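# Report on the structure
The chain contents come next:
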Amino acid sequence: MISIQTEDFCAGSEHQALRGAGPGTGAIATFTGLVRDSGDLSGVTGLFLEHYPGMTEQVIQGLIDEAGQRWDVQRARVIHRIGPLALSDQIVFVGVCSAHRGDAFAACEFIMDALKTSAPFWKKEITREGEHWVEQKEMDVARTQSWDQEA
Amino acid sequence: MSEPTVTIRFFARLREELETEQLSVPAVANQTVSGLLASLASRGGPWARLTGDQPVMVAVNQAMAKPSTPVRAGDEVAFFPPVTGG
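So, here is what we can say about the structure in this document. This structure is a prediction, so every number in the text was calculated from the model and none was measured. (Residues numbered from 1 in each chain as written. Chains lettered and ligands numbered in written order. Predicted model: local features only at pLDDT ≥ 70, side-chain atom pairs only at ≥ 80, totals over all residues.)

### Some points on the pairing of strand β7 (residues 76-80) of chain B
Residue and element names in this part refer to chain B. In terms of burial, β7 is largely enclosed, as 4 of its 5 residues are buried. Relative to β7, strand β1 (residues 5-10) runs parallel, the two sharing 4 bridges. The partner of T7 across the bridge, within β7, is E76. By the bridge criterion, 4 bridges tie strand β4 (residues 57-60) to β7 in an arrangement that is antiparallel. Considered in β7, the bridge of V60 is made with V77. (Buried ≥ 20, exposed ≤ 12 C-beta atoms within 10 Å, placed from the backbone. Helix = DSSP H or I, 4+ residues; strand = E, 2+ residues; numbered from the N terminus. Pairing = 2+ DSSP bridges.)

### Re helix α2 (residues 33-41) of chain B
All names here are of chain B. Along α2, the residues classified as buried are V33, L36, L37 and L40. Buried residues in α2, looked at end-on, bunch into an arc of 100°, giving them a common side. Turning to α2, the residues buried within the fold contact β3 (31-32), β4, β6 (70-71) and β7. (Arc of directions from axis to C-beta. Contact = placed C-beta atoms within 7 Å.)

### Considerations on the nonpolar core
With 55 residues, the main nonpolar core has A107 and I111 of chain A as its most contacted residues. For A107 of chain A, the residues in contact, after removing those within four places along its chain, are A67, W71, V73, A76, V96 and S98 of chain A. (Core = buried A, V, L, I, M, F, W, Y, C linked by C-beta atoms within 7 Å.)

### Some points on the environment of S42 of chain A
All names here are of chain A. By the element assignment, S42 lies in the loop between β2 (27-34) and β3 (44-51). S42 sits in the exposed class, given 10 other C-beta atoms within 10 Å. For the pair S42 and Y52, spaced 10 residues apart in sequence, the C-alpha separation works out to 27 Å.

Structural measurements only, silent on function.
Next comes the structure, spelled out in structure tokens:
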């Protein structure tokens, strides 16, 4: 299930929901991304997140489907927030449950890495000096490409 | 009957630089993404940046597209900077 929302989420509740996938679940891997005080700029006081409604959900669903073809994925959950976010706010949640930890770790990391370089979201950093649209990082692109090489 | 058009959307830095979120242009026969981009860039001013040094990504009907992707009447074409979510 995919949610794009302005509201905060409870990672604990999401984890609990993933436990409901059934008795075949042996592992849950989750990732939560937070707003930190430095990115392209230092002294970041908040972010603004923009997205392309419709395309975003399609791209993320495609990533979940791809993860399901490559690993044992019993259930996957992605939440991404949009709009204004403050320092230390939660931005993104990815949770995957599987029979075994290897599949859960890999699928969770793959979805997160690929989301960063293919889902149409854009971050703007807010500082006391001004605003700045974040640049895509070569490191992030390389991480996503490394999953292609493993396939 | 209304003229066949293509809807164009801009996001993030491009939306701000062009001060345009969405516009509608007449559909052109045998048009591609690169042809549409060149015609928008020819408006001059900030529009020229569409074919400048900064990378511009494009989606046609909400699927990632290439310069050679055809653009037809009724299509939604979106231009945006490389994505930075997560």
